[in-house]
Amino acid sequence: MSLLIGSLTIGFILSLLAVGVYISFRIFDFADITAEGSITLGAAVTAVLLVHGWSPMVATPLAFVAGALAGAITGVLAMRFQINRLLSGILTMTALYSVNLRIMGRSNIPLMNEKTLVSQVEALGQNLFGSAALQVFGWEVSSRDLGLLILCPIVIAIVSLILYALFRTDIGTAMRATGDNAQMIRALGVDDATMIILGLA
């Protein structure tokens, strides 16, 4: 059962990657694969900050900013330098392999003894459900795994609501309009290239 819960948890976490691909592909019709490299960039930044004693609540937003910069670089390559959209995503994703290694300084950073968001959620699960294993549908599940499994959909819902609210603002509407009809949005005085760069970020 722990294997199933672990698979579900990782699937929930990677669904945020799918949301990033959805924004670029569905809204902007931009076949972007930067998200595959930027999610690893965020992990590298977080790992380095955690090892150097930063709080997980600070390291995670900084990782978000690093991923946004990677998306913005893809947008700048495609929109300002007129590089093919797919190729600009490939260039950024490939370059991030070297960038990630440079940030980490080595090929792997162990986080077993570091305080992370996951360890905090696992501790919260033990406090809520107790340290004993729980019975869920006849299977024995540790309280730590159950706490993490419950938190992931909550985080996904919060991120989805934030994105929903963003796409209802003036900038979000301009971004959606850019994806629907870039010529029309240019006629209205909006820089479509800036909207695409912002959306990819």
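These numbers were taken from a predicted model, which means no experiment stands behind them. (Residues numbered from 1 in each chain as written. Predicted model: local features only at pLDDT ≥ 70, side-chain atom pairs only at ≥ 80, totals over all residues. Heavy atoms only, no water.)

**Observations regarding the confidence of the model for the chain**
Convention followed: pLDDT gives the predictor's per-residue confidence on a scale running from 0 to 100. Going along the chain from the N terminus, every DSSP run of H or I of four or more residues is numbered as a helix, and every run of E of two or more is numbered as a strand.
Put simply, the chain has an average pLDDT of 88, and 98% of its residues get 70 or more. When mean pLDDT is compared element by element in the chain, helix α3 (residues 56–79) scores highest at 94, while strand β1 (residues 134–136) scores lowest at 71.

**Topic: unusual backbone geometry**
Our working rule: Accessibility here uses a 1.4 Å probe with only protein chains present; expressed as a share of the type maximum, an area under 20% marks a residue as buried, one over 50% as exposed, and anything in between as partly exposed.
One non-glycine residue, D29, lies in the positive phi region at around 55°. Mapping D29 onto the fold places it in the loop between α1 (2–27) and α2 (34–51). Given the relative accessible area of 55%, D29 is considered exposed. Of note, the phi angle at Q82 is positive, near 55°, even though the residue is not glycine. The residue Q82 is located in the loop between α3 and α4 (85–104) in this model. Relative accessible area serves as the criterion here: at 63%, Q82 is assigned to the exposed category.

**Some points on a nonpolar patch on the surface**
Here is the rule: Patch construction takes residues with relative accessible area above 30% that form no salt bridge. Like charges are linked within 9 Å, and nonpolar side chains (Val, Leu, Ile, Met, Phe, Trp, Tyr) are linked within 5 Å. With residues, only the protein chains shown are counted as cover, and all accessible areas are computed by Shrake-Rupley using a 1.4 Å probe. For this analysis, a salt bridge means a side-chain nitrogen from Lys or Arg found within 4 Å of a carboxyl oxygen belonging to Asp or Glu.
A cluster of nonpolar side chains, L16, L124, L128, F129, I150, L151, I154, V155, I158 and I162, forms an exposed patch at the surface whose accessible area comes to about 840 Å². Elements with a contribution of two residues or more to the nonpolar patch: α5 (117–129) and α6 (143–166). When residues of the nonpolar patch are assigned to their parent elements, the largest contribution, 6 residues, is made by α6. The topology assignment puts F129 in helix α5.

**Considering helix α9 (residues 192–200)**
Two residues of an α-helix separated by three or four positions point the same way, owing to the 3.6 residues in each turn. Spelled out, the test is: Note on definitions: a residue-residue contact is assigned when non-hydrogen atoms from the two residues lie within 4.5 Å. Whenever a nitrogen or oxygen atom comes within 3.5 Å of another N or O atom, the pair is scored as a polar contact, on the condition that within protein one atom can donate a hydrogen and the other can accept it, and that pairs from neighbouring residues in sequence are kept only if both atoms are in side chains.
The element α9 is largely enclosed, with a buried count of 7 among its 9 residues. Taken together, the buried positions of α9 are D192, A193, M195, I196, I197, G199 and L200. Tucked inside the fold, the buried residues of α9 contact α1, α3, α4, α7 (170–180) and α8 (182–187). Measuring from the backbone nitrogen of A193 back to the side-chain oxygen at the start of α9 gives 3.2 Å, which picks out D191 as the cap.

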